[in-house]
Structures are given as C-alpha cells and as structure tokens.
Amino acid sequence: MLGADGSMKQEIEKLWEEARELSLGTTATAVERLPSPPTPLEFLRRFVSANKPCLISAATLHWPATTLWSSDVHLRRALSSATVSLHLTPTGRADALAPHPSAAQCFASAHVEPMPFPLALDAIYSSDLDSKFVAYAQQQNDCFRSEYAAIGGDCEPHIEWASEALGCLPEAVNLWIGNQLSETSFHKDHYENLYAVVAGEKHFLLLPPTDVHRMYIRNYPAAHYYYSKDTGEFKLELENPVRYVPWCSVNPYPSRENREKEMSKFPLYFDGPKPFEVTVKAGEILYLPSMWFHHVRQSPDSRGRTIAINYWYDMQFDIKYAYFNFLQSISHPSSHDMELHETGCLGTSICSSGDEPDINVVADKNGVSDEE
Ligand SMILES: O=C(O)CCC(=O)C(=O)O
C-alpha cells in the first residue's frame, strides 16, 4: 500500500527478504559454492535464469596462467614491448566518489597513463600511501584482448560452459592487476560477469538488484584526477561543461571517524540486511549476475599482486530488466534523506527519476562514458 508520501516502504522491504531467500535459500548463509564447473544446462537453469550468484572451485586450474603468472618473469618477458593503461589515484579508489572543494562530492575517475608493462608493474609494486599514488591496471574496455594480447594464450579465450549457456561469446575480457590498496566502489553492470582470480584474492560485497534503494544512487558531477610526475601531486578537476554521473553513495567501509555520520546518512544500507560477502581465491570463478551491485577489495599474493581476468557477456534485456527499472522508479521514503549540500549531487534521486544508473559500457567504461 502507498504511504502518505507515495512510497511503498513495507512492500519494498519485503522484496529484499524474498530476493535473499531466492538467492541463498532460507538456511544458507553464503553464496552457493560448486566444487567444479557446472554443465551449461545447470548453469543456465540454476544460476543465470535465477539471476543468482555462485562461486566455482577448480575452475581455471588447467590455464597456463596458473603456473606462468606465479612469478613475474613470464609476464615481464611476454609483455616487454606492450603499452598498457595504468590507472592512478591518490587513494586506490578509482571511479568512486571523492570530496571536491566546489561540489562536496564528485564522481572521480583515475588519471590514466599509458606506459610499458614492466614500468606499470613496478608502479603497482611501489604503490602505497607514502608514494602518494596507487596504481591499478584495470582498463576495462576489453584490454585483455588488446593491450595484453601477447599473453592471450595463457587463459581461455572464453569460458566454454558459460558461452554455451548464454548463447554468445564474451563482449569484453578484462585484466586487473592491483595491490591491497586498490578498491572498486559499489556499482552494477549490464553484463553477466565471470570473474576469475589468478593470483591473490578478491573480496566482493554483493547486493541483489532489488536492493537498489539501499545504494542511494544519486547524480554526481564527473571529475578527473590529473597526476603530475614533476610534483608527484594529483589535481581533481570537474568536467566543464558539467556532466552528471549516477553513482551509489554508500561506502561500506567508512573510516572510523566517519562511520557514525555515514551510518546515519545511509540507514537502509547499514541497518538493513548484510550484503553477501564472497572471497574469490586463485583458481576460482565467481558468477556475478547482471545488475547485482558489487564492491571489490583485494588481498595480494606473497609477491604483492592480485591478478584477475573477467569475462563480460551481454545480458538479456528481458522482463527482469523491465521489473528492475520499474522498482527503481518507485520511491522509498528513506531514499530522499540525503541533504543536497552534503552530497553535491543534482537534486533528484536517480531512483525517483527512473533514470538508468549504470554507466559501464564496454566502449568507454572509464568514467568518460555517457549514461546509458
Ligand atoms: O576487480 C575489481 O576491482 C572490480 C571488478 C568489477 O567491478 C567488475 O568485474 O565488474
């Protein structure tokens, strides 16, 4: 039933519960783990059609990368003349909200520096907060098949059982090399994602698409970091003319000093059901269904690197997608709570405007894309 303000608080919150039960079952506390890759039919029926994540063990043990990438010798040799795009930020949080003097909060994209792979790897190793920059190789526009083509044979070109289930080949294959400071803020993608870790571990927080109101998606002015090699300093510049990017406002790991303030600003997230926590280890693949919100942190291997490769497959724009857009257009009373002067965001909540909050498009994912 509609509340006085036209919102459907109880109904929306009931939906969170139901989606959780459907994704995890009533007794399970974790995302389902499969001991080995599923058949295409099992994958399609139990996971893709149900928009339900799963973690698959022993999924990539046959890849040459499993042994070849355990030290850097092969990577440095094979990629000695490759130019790769390295993303630089002051904190490790790229494509994330950051404070800006004239906008309170903005959507900040990394400084992207093309450089020879061996130097990029050195920069990742030397990244720490003392070095004043954090480097993350995370170009997302199909970089594994372009910038890293020389090591393409070390992994499967596609995940066979997934391609058969989904009826297509991946739209993009991306490589991610970072260290413990690299972090990806909450967002969602319009792709079916098969995320394979080769070295180190990735720590995902996952929330189903039905939890959209808990993310407090708002329009933030787009900005870019510019890094000066001479001074070693970053400048954060707003785009001119201004462009707004719809982005999740919630940082699930606020600093100790900000914790109370963040918890009171985003009660639907902090007081509601916990996100699913999944750690993906070397050799494992996470199936991250389309439109699920995800936040990612990482732990490096003994050498100090986390390496992953992911396969983005086109999703079906079907009735689930239509339902999701409808849900997003409905207002939840608490989703209006944020004060504009605090966020720097454009007046309307994206949830109530019905706009599409996903800015990730393969052609140009790195903060310069237009909203879909
Ligand atoms: O590994 C990461 O840092 C982020 C991964 C991600 O956001 C994705 O695969 O869509």
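What counts as what
- Residues numbered from 1 in each chain as written.
- Predicted model: local features only at pLDDT ≥ 70, side-chain atom pairs only at ≥ 80, totals over all residues.
- UniProt positions renumbered as here; feature names shortened; annotations may be inferred.
- Helix = DSSP H or I, 4+ residues; strand = E, 2+ residues; numbered from the N terminus.
- Buried ≥ 20, exposed ≤ 12 C-beta atoms within 10 Å, placed from the backbone.
- Contact = placed C-beta atoms within 7 Å.
- Pairing = 2+ DSSP bridges.
- Axes fitted to C-alpha atoms, helices over the stretch in contact; angles between N-to-C directions.
- Core = buried A, V, L, I, M, F, W, Y, C linked by C-beta atoms within 7 Å.
- Near = placed C-beta within 6 Å.
- Nonpolar A, V, L, I, M, F, W, Y, C, P; charged D, E, K, R; others polar.
- pLDDT = per-residue confidence, 0-100.

- In the nomenclature of an unreviewed UniProt entry, the protein corresponds to JmjC domain-containing protein from the organism Actinidia chinensis var. chinensis.
- What UniProt states about the protein under its Sequence similarities (unreviewed entry) heading is, verbatim, "Belongs to the JARID1 histone demethylase family."

Some details on the overall build of the protein
Link 1 in the chain: Helix and strand counts for the protein stand at 11 helices and 20 strands.
Link 2 in the chain: Within the span of the protein, comprising 372 residues, buried residues form 43% of the whole.
Link 3 in the chain: Considering only contacts in the protein between residues 6 or more positions apart, those separated by 24 or more positions represent 82%.

Observations regarding the sheet that holds strand β8 (residues 134–136)
Link 1 in the chain: If you trace the three strands from one edge of the open sheet to the other, you get β7-β3-β8, paired in antiparallel fashion. For this open sheet the edge positions go to β7 (111–116) and β8, each flanked by a neighbour on one side alone. Here the strands of the sheet are splayed against their neighbours by 35° on average, with no regard to which way each runs.
Link 2 in the chain: Bridging between strand β3 (residues 83–89) and β8 involves three bridges; their strand directions are antiparallel. Residue pairing for β8: H87 is matched across the bridge by Y136.
Link 3 in the chain: Against the sheet, helix α5 (residues 117–126) touches β3, β7 and β8, its axis set at about 125° to β7.

Points about the sheet that holds strand β17 (residues 285–288)
Link 1 in the chain: Here six strands make up an open sheet; going across it, the order is β1-β2-β17-β11-β19-β9 and the pairing mixed. If you trace the sheet from one side to the other, it starts and ends with β1 (32–34) and β9 (172–178), each paired once. For this sheet, the mean inter-axis angle between neighbouring strands, taken without regard to orientation, is 20°.
Link 2 in the chain: In the sheet, strand β2 (residues 54–56) pairs with β17 via three bridges, with the strands oriented antiparallel. From the neighbouring strand, L55 faces β17, where its bridge partner is L286.

Describing the nonpolar core
Link 1 in the chain: In terms of nonpolar packing, the biggest core is built from 92 residues, with F107, A137, A196, V198 and L286 touching the most fellow members.
Link 2 in the chain: With seven residues, the single largest contributor to this core is strand β11 (residues 191–199).
Link 3 in the chain: For A137, the residues in contact, after removing those within four places along its chain, are V84, L86, A120, I124, L175, W176 and I177.

Regarding the site of the ligand
Link 1 in the chain: Near the ligand you find W176, T184, D189, N193, Y195, K202, H294, V296, A308 and N310, and these make up its full shell.
Link 2 in the chain: Mapped by element, the contributors of at least two residues to the shell around the ligand are β11, β18 (293–299) and β19 (306–314).
Link 3 in the chain: Per-class residue counts for the shell around the ligand are four nonpolar, four polar and two charged.

Re the pairing of β9
Link 1 in the chain: The buried fraction of β9 is high, at seven of seven residues.
Link 2 in the chain: Of the two faces of β9, both are covered, the one formed by A172, N174, W176 and G178 as well as the one formed by V173, L175 and I177.
Link 3 in the chain: As defined by bridge partners, β9 adjoins β19 across seven bridges and the pair is classed as antiparallel. Across the sheet, residue N174 finds its bridge partner in β19, namely N310.

Things to note about unusual backbone geometry
If a residue is not glycine, its phi is most likely negative; likewise, a peptide bond is most likely trans.
Link 1 in the chain: Backbone torsion omega between N240 and P241 reads 5°, so that peptide bond is classified as cis.
Link 2 in the chain: Topologically, P241 is positioned in the loop between β14 (234–238) and β15 (244–248).
Link 3 in the chain: At A58, a position not held by glycine, the phi torsion is positive, near 45°.
Link 4 in the chain: Here A58 is to be found in the loop between β2 and α3 (65–68).
Link 5 in the chain: If you check the backbone angles, D142 has positive phi at about 70° while not being a glycine.
Link 6 in the chain: Here D142 shows up in the loop between β8 and α6 (160–166).

Some remarks on the confidence of the model for the protein
Link 1 in the chain: Summary statistics for the protein give a mean pLDDT of 89 and a share of 87% for residues scoring 70 or more.
Link 2 in the chain: The model gives residues 339–372 a pLDDT under 50, and that stretch makes 82 contacts with residues more than four places away or in other chains.

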